[in-house]
Amino acid sequence: MIYFGCDYYPEQWAQWLAEGEARWETDAALMAEAGLNVVRLAEFAWGLLEPAQDRFDFTWLDRAVEVLGRHGLKVVMCTPTPTPPPWLLYQSPEIRQIMADGRQQGAGTRREACANQPVYRERSRIISQAIASRYAQNPHVVGWQTDNEFGCHGSAICYCGECETAFQHWLQAKYMDLEMLNEAWGGSFWGEVYADWRHIPAPTQSAAERSPSHLLDYQRFSSDTWRDYHNMEIDILRATCPGHFVTHNLMSFFEPLNYYNLCAQLDFVSWDNYHYHGATPGVVAATHDHMWGILRRNFWVMEQQIGHINWSVYNPEPGPGFLRLKSYQGIGHGADGMVYFRWRQALAGSEQYHTGMLDHAGRKTIGYEEAKVIGNELKTLAPYLEGTVPAAEVAILLDFESRWAMTMQPHNALLRSGVAPDSVNPSPIMRVDRDERREDQQMTGNAHAMWPFAAPYIALWERNVGAAIISPDSDLSGYKVVCAPFLNIVRPAVAKRLAAYVAQGGTLIIGPRSGFKDEHNKLFAQPQPGPLAALTGSTVRYIDSMEPERLNVLRWNNVPHMHRTEVGIWAELLEPQPGTETIAYYSNGWYANEPAITHKKHEGGGQVIYVGCMGGPDLYANLWDWLLPPLHVQPPLAPVVGVEVCVRAAPDGRKVVFVLNHSSQPHAMTLAHPLTDLLTGETHQRSLALKPHQVVIFQEVAATAHA
Ligand code: GLA
Ligand code: ZN
C-alpha cells in the first residue's frame, strides 16, 4: 500500500480558530475526501505535551488521534524533541548550542539544543518515553518519526564545553594513545603536538585555518553525537512500540551528518522535498535515489511541498500540475509514502507565508484539488507497485567523509558548500537542466557543492537510465557500472571493495580528486589517486583549480562518436602507465595535449576509467553513450528533453514505468513496444503524446514485448 497524507498540527487550529477543537472534525473529513490515509503529528508539540516539568498532558492529542482515526486516517506520531519547551530552556540555559564564533544560540524557536548536554538528553529521553508509552497500543498509530530534520538550521555541530570534553573522550576511545593521534593528524605542522587529551580544543573559529584532520574528526564526532542521540530515541520506540515502524525525515543532499550512520537503525528513511531555487527535476530525482540508497530500501517523502514555500530566494507559486508531477516523481523513484506539508497555511508563527492544502482562510488550494485526484489514482496503482523498487543497473557512490573533506578544503569557491547563489560566478559547465525554462538555473547552497556527484547522475537521468546513489561500503555486485565521481578520501576497505568489483569484471568510473586523501584527511605520500592507482593505471602529475570563466576543451582519442566537451573548475594532468590508454587530452593552455581521461582494461573484463577533469552532464553524456550500450544498459524509452522516465521493478519482472513531462511544452515519446496506461487502461502502440506537465504511468505488458 502507498501511504498518502499530510502534516497536521491540530494543536494550532484548536488555538487559532474560534471553533477550537471542533475544527478537527471538518479537517479530518476534508482529508478523507482527498483520499488521505495518514497524518503526521506532534513533532514540535513538546511545550504542549509537557507544559511544566514532569506534568504531562496528552489528552488533547488523544482526542485529535481519535477524531482522525474515526475518519480512517492512520497516524505517524513523533518524538517532539526538536523544540525544548520554554521552561526547560529557562531552567537550563546551558543546553543551548555554542556556535563556532563562541556566541550562544538564542532560545525559543527550534533546534537550539545540544545533544551532548546531559539535561537535554535526559529530558528528551523522558518525553520520548512518555509519548511512546502513551501511543504504543493506540490502534490508529502505525509508526514514528524521530524528532525532525536532525542538523537543520546549522545545528549539526556545537562547540560548547560539554561537546569539547565529549570530543576529547571520543578521541581517546578512537586513538587510545596520544602519540597515535599526533601521528594521525600530522601535528608537526605548526607545532600542534598534544601532550594531554585536555589540550585538544573544539575547532571553533580560529585565527588561521584549522588542520583538516582535526576538522574531520570533529565532524565525525558531531555526526556520531546525533547518531547516538537518535539511537537513544529509536531504542525507546523499539522497546515500547515493537509493532510500529520508525523513520526520520532527512533533507536534500544535507552534508553535515553522515546519513548512512544516522539512519542505520531505522526501518526506512523519509525526506522532505522542497523545490528551492536550483532544485531542478534532475536534482530532485538524484535526491530520491540517494534517499533510496541510504538503506537501499524504499522510503517516504514525509514533507512534500504543495505550493509556494516561505524560505527560498524567491517563492513562486508552482501552479497546476506541480503536485501530481512531484508526487509521482517521488513514487516512481521508490517512495512508498507521500505526505504533504502542510495541511493548512499557518495563521501564526514564522511560516505564515507557507501554503498548505488549505490556505489560511481554509479554502482548498490547487494542491488540495490535485491531491484528491492522486488519492484516487493511488488506489488503482498500489497493487501494481507492491514489491517493486526503483530499477538501477548503475550505482553512483556518495561518501560523506569525502564531501566533508571537500568542504574543509574546497580549493575552489565553486566547490564550497552553502555558497550563496550570487557570491561566485557560476561555471558554464554547471548546467543542471536542458529544459528551456530552467537552463539558467544554477545549483545553489548544498546542491551547488553536490556538483561533482550530480553531474554524472544528471547525464544518466537525461538518458532515462536509472541509478542508485549509495555508500561506497555497499555491496556493489549487482551493478553493471559503478561511478565514484568524488572519492576524495579512500579508506583501505573501500579500496579493497572497488578492486574486487573490477576483478569480477565490473566497469568503474573514478572522478577527479579521488584517492587524494587518507582516512585522516592527509595527502598520501604516493601519487594520486593513491590506493586506487593500480586500478586506474594512471596517476596525477599536476592539478589546476580554475576560475569560473576559464574552460578547457577535451580532444577525444580512439573513442568513436564523442561530442565537443568543455571541462572546468578542476583539471588534472594524468600520467598513464604502459597498458593504460588515454581517451581524452586537453586542448588548451600550457597543458594542451596532456592526458585528461584514461582507460585501463583489467583481466576478466573489468575496466576502469579515470576522469581527471570536472565536467558537466555533457562530459558524462559522452562517457555513458560510449560505455553503456556494450553493457546492455538500456533506457526503457528513448529520451526526450524535458521528459523523465523512471521505472519501478519487481524481482518477478513486473515493471511500472513513470513518464513525467517536467516541461511546459507538449512532447511525443516513441514507444518500442506497446504499453498500457494503468490509470486509463488504454494501450499505446507506437507513440505517446504528452501534454505539458502530464504524467502517464504504464505497466510493461510482458517481457516478450522486448523481443
Ligand atoms: C522543514 C521542516 C518543517 C517546515 C518546512 C517548511 O522541512 O521540517 O517543519 O519548517 O521545512 O518548508
Ligand atoms: Zn554542545
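Residues numbered from 1 in each chain as written. Chains lettered and ligands numbered in written order. Predicted model: local features only at pLDDT ≥ 70, side-chain atom pairs only at ≥ 80, totals over all residues. Heavy atoms only, no water.

Asks: Before we move on, can you summarise the pairing of strand β23 (residues 655-661) with the specific residues and values?
Replies: Among the seven residues in β23, six count as buried, and that is most of the element. As paired strands, strand β22 (residues 643-649) and β23 are joined by seven bridges and run antiparallel to one another. The residue of β23 that forms the bridge with A649 is K655. Once β22 ends, the chain turns through five residues before running back antiparallel as β23, passing G653 with a positive phi of about 95 degrees. Sheet topology places β23 next to strand β28 (residues 695-700); five bridges connect them, and they run antiparallel. Bridge pairing links V659 to V696 in β28. (Buried < 20%, exposed > 50% of the residue type's maximum accessible area, 1.4 Å probe, protein only. Helix = DSSP H or I, 4+ residues; strand = E, 2+ residues; numbered from the N terminus. Pairing = 2+ DSSP bridges.)

Asks: So what's going on with the domain arrangement of the protein chain? Which residues, and what values?
Replies: Each assigned domain of the protein chain is listed with its residue range as follows: domain 1 (37-260), domain 2 (268-385), domain 3 (394-631) and domain 4 (643-699). The distance between the C-alpha centroids of domain 1 and domain 4 comes to 43 Å. (Domains from an automatic or database assignment.)

Asks: Can you tell me about the coordination of the zinc ion (ligand 2), naming the residues and giving the values?
Replies: Within the first shell, the zinc ion (ligand 2) binds the protein through C114 (SG), C158 (SG), C160 (SG) and C163 (SG), at distances of 2.3 Å. Each of the four donor atoms bound to the zinc ion (ligand 2) contributes to angles spanning 95 to 114 degrees, and the resulting shape is tetrahedral. Between consecutive donor residues of the zinc ion (ligand 2), the sequence gaps follow C-x43-C-x1-C-x2-C. By relative accessible area, C160 is classed as buried at 4%. (Donors = N, O, S within 2.8 Å, 3.2 Å for Na, K, Ca; no water. Tetrahedral: all angles 85-135°; square planar, octahedral: opposite > 155°, others 65-115°.)

Asks: A description of the layout of surface pockets should follow, citing residues and the corresponding values.
Replies: Taken as a whole, the second largest pocket holds about 930 Å³ of empty space. Lining of the second largest pocket is provided by 30 residues; of these, Q12, F44, T83, T109 and G349 occupy positions nearest its centre. Listed by contribution, the elements that provide at least two residues to the lining of the second largest pocket are α1 (10-16), α3 (46-49) and α5 (86-91). Per element, the largest residue contribution to the lining of the second largest pocket is five residues, and it comes from α1. Classifying every residue of the lining of the second largest pocket by side-chain character gives 15 nonpolar, ten polar and five charged. Each of two domains, domain 1 (37-260) and domain 2 (268-385), supplies a minimum of three residues to the lining of the second largest pocket. (1 Å grid on protein atoms, 1.4 Å probe; cavity = no way out; pocket = protein on both sides within 12 Å on 5 of 7 lines; lining within 4 Å. Points joined across faces, edges and corners; volume = space filled by probe spheres on them. Nonpolar A, V, L, I, M, F, W, Y, C, P; charged D, E, K, R; others polar.)

Asks: Which residues make up the site of ligand 1, and what values go with them?
Replies: Inspection of the region around ligand 1 gives F44, R110, N148, E149, D272, Y274, E303, W311, F341, E351 and H354 as its neighbouring residues. In the model, an oxygen atom of ligand 1 is placed 2.9 Å from a nitrogen or oxygen of the R110 side chain. Between N148 and ligand 1, the recorded distance is 2.9 Å, taken from a side-chain N or O atom to an oxygen atom. Residue composition of the shell around ligand 1, grouped by class: four nonpolar, two polar and five charged. Summarising the domain contributions, the shell around ligand 1 has at least three residues from each of domain 1 (37-260) and domain 2 (268-385). (Near = heavy atom within 4 Å. Polar contact = N/O pair within 3.5 Å; in protein donor to acceptor, adjacent residues only side chain to side chain.)

Asks: Describe helix α6 (residues 118-135), naming the residues involved and giving the relevant values.
Replies: Over its 18 residues, α6 extends 26 Å from the first C-alpha to the last, a length consistent with the 26 Å expected when each residue adds 1.5 Å. In this fold, the buried residues of α6 make contact with α3, α4 (59-70), β3 (74-78), α5, β4 (141-145) and α9 (212-240). (Expected span 1.5 Å × (residues − 1). Contact = heavy atoms within 4.5 Å.)

Asks: So, the packing of helix α7 (residues 161-175) against α9: which residues are in play, and what are the values?
Replies: Running from N to C, α7 and α9 cross one another at 105 degrees; their axes reach a closest spacing of 10 Å. Put simply, α7 runs roughly perpendicular to α9. The residues of α9 that touch α7, namely those facing C163, E164, A166, F167, W170, L171, K174 and Y175, are H214, D217, Y218, R220, F221 and D224. (Axes fitted to C-alpha atoms, helices over the stretch in contact; angles between N-to-C directions. Parallel < 35°, antiparallel > 145°, perpendicular 65-115°, else oblique.)

Asks: Give a description of the environment of N116 that names residues and reports values.
Replies: One can find N116 in the loop between α5 and α6. We classify N116 as buried; its relative accessible area is 16%. Spatially, the C-alpha atom of N116 lies 5.9 Å from that of C163, the residues being 47 residues apart in sequence. Here N116 is in contact with R121, E162, C163, A166, F221 and T225, once residues within four sequence places are set aside. Looking at N116, its side chain comes within polar contact range of the side chain of T225, at 3.3 Å.

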